[in-house]
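# Observations on the three-dimensional arrangement
The chain contents come next:
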Amino acid sequence: MTVNPAKTSELEKLLAVSSGLVSAQGNERFKAIMHQLLGDLCQTIKTFDITDEEFWLAVNYLNELGERKESALLAAGLGLEHYLDMRADEKEAAAGNEVGTPRTIEGPLYVANAPLSQSYARMDDGTEQAEIMWLHGQVTDANGKPVSNAIVDIWHANTLGGYSFFDQSQSQYNLRRRIQTDAEGRYAVRSIVPCGYGCPPDGPTQKLLTELGRHGNRPAHIHFFVSAPGYKHLTTQINLNGDAYLWDDFAFATREELIADPLKITDARIAEQRKINQPHTEVNFDFTLVAASDNNEETKIKRLRVME
């Protein structure tokens, strides 16, 4: 005869066994996390009287999420990736640590080992008819001193919201470059103005967002990793001012300090200096790095990335 698991003592026994707390083997921290997580899930099932059908729909949803490789996308859409940034900001503030350019989410679309150039590069392959963008800026330390030889790793979408590698119609490493700053800490790239985009409309992430009454759109933005020996690795992105979704980003990545103002350049002399020779859009953004307290802070966090 079975005992009703709704009884607290029996439920506690179930959770202790299922999470490995009664075992002398395994990872103690992981077991404690699983015990908390399983307990919260069981409480949710009880609180909302979740049916068997609803439970298995959720299990099937997780299968679909994995098959479509959208787990990282959903983590951004539910605000979990942004919460990691909130936690990091909170810890820095509590410790009184020096802060530079704000961090924000990495997102799921980075590809490692993009071509490396000295101070300048062209990012687009020239196949797309689009507004030309001149993106440039300077990397400095907290005192305003230029950081030479910093690596500015840049990636962004095309005018259809697609990223190379994930969008097979684009050439390899299109709109992806690493720039090593010059003696004055400056970097510059010629590229195209990216557009915003939405989650795949037929995917599991958008399916969940629709049930929440939410859209899955992002404003036009540009991703960055900025790093240099002796400094904390910076993961961030800038949003282009004027986008309809600037303050309604489904991934919660917008920060006031990370908004760039696109400027239309019509001066023929400036265009000639940049070897563009036509009107184009200029985006200027500077980065401030802060000193690292140990070597671990100089590198990006460990997670699964393409080509890494």
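Let me sum up the structure you'll find in this document. Note that the structure is a prediction, hence the values are computed from the model and not measured.

Moving on to the overall build of the chain. Counting secondary structure elements, the chain contains seven helices and 14 strands. If you line up the chain on its principal axes, its C-alpha atoms span 85 × 45 × 30 Å. The buried share of the chain, reckoned over its 308 residues, is 40%. Restricting the contact set of the chain to residue pairs at least 6 apart, pairs at least 24 apart contribute 71%. If you sum the accessible surface of the chain, you get close to 17,700 Å²; carbon and sulfur atoms cover 54% of it. Each charge sign in the chain was given a centre, from 30 positive and 43 negative side chains, and these centres are 4 Å apart.

Moving on, we get to helix α2 (residues 28-47). End to end, α2 covers 28 Å across 20 residues, agreeing with the expected 28 Å (1.5 Å per residue, within 8%). Put simply, Asn27 is the residue that caps the front of α2, since its side-chain oxygen is 3.1 Å from the backbone nitrogen of Arg29. Downstream of α2 by one or two residues, Asp49 has phi in the positive range, about 50°.

Turning to the nonpolar core, a few remarks are in order. Counting 27 residues, the largest nonpolar core has Leu135, Ile154, Tyr187 and Phe224 as the members making the most contacts within it. Every element with two or more residues in this core is listed here: β3 (132-140), β4 (151-155), β6 (186-192), β9 (221-227) and β10 (234-240). The residues contacting Leu135, other than those within four sequence positions of it, are Ile154, Tyr187, Ala188, Val189, Ile222, Phe224, Ile238 and Val283.

Let us look at the sheet that holds β4. Pairing within the open sheet is mixed, and its six strands lie in the order β1-β5-β4-β9-β10-β11. Whereas interior strands pair on both sides, the edge strands pair on one side only; in this sheet they are β1 (116-118) and β11 (259-260). For β1 and strand β5 (residues 176-180), the ladder comprises three bridges, and the chain directions are parallel. Bridge pairing in β5 places Gln118 opposite Gln180.

Residue position: Asn284 is located in strand β13 (residues 280-284). Separated by 119 residues in sequence, Asn284 and Phe165 have C-alpha atoms that sit 27 Å apart. Beyond its immediate stretch of four places on either side in the chain, Asn284 contacts His136 and Gly137.

Here helix α5 (residues 80-95) is 16 residues long and its end C-alpha atoms lie 23 Å apart, about the 22 Å a rise of 1.5 Å per residue gives. Buried within α5 are the following residues: Glu81, Asp85 and Glu92. For α5, the angular spread of the buried residues around the axis is 50°, confining them to a single face. Pointing more than 90 degrees away from the buried face of α5 are the exposed residues Leu80, Lys91, Ala93 and Ala94. Buried residues along α5 sit against α4 (71-77). Positive phi shows up at Gly96, right after α5, with a value of about 70°.

What counts as what
- Residues numbered from 1 in each chain as written.
- Predicted model: local features only at pLDDT ≥ 70, side-chain atom pairs only at ≥ 80, totals over all residues.
- Heavy atoms only, no water.
- Helix = DSSP H or I, 4+ residues; strand = E, 2+ residues; numbered from the N terminus.
- Buried < 20%, exposed > 50% of the residue type's maximum accessible area, 1.4 Å probe, protein only.
- Contact = heavy atoms within 4.5 Å.
- Areas by Shrake-Rupley, 256 points an atom, 1.4 Å probe, with all protein chains shown as cover.
- Lys, Arg positive; Asp, Glu negative; His and termini not counted.
- Charge placed at Lys NZ, Arg CZ, Asp CG, Glu CD.
- Expected span 1.5 Å × (residues − 1).
- Polar contact = N/O pair within 3.5 Å; in protein donor to acceptor, adjacent residues only side chain to side chain.
- Core = buried A, V, L, I, M, F, W, Y, C linked by side-chain atoms within 4.5 Å.
- Pairing = 2+ DSSP bridges.
- Arc of directions from axis to C-beta.

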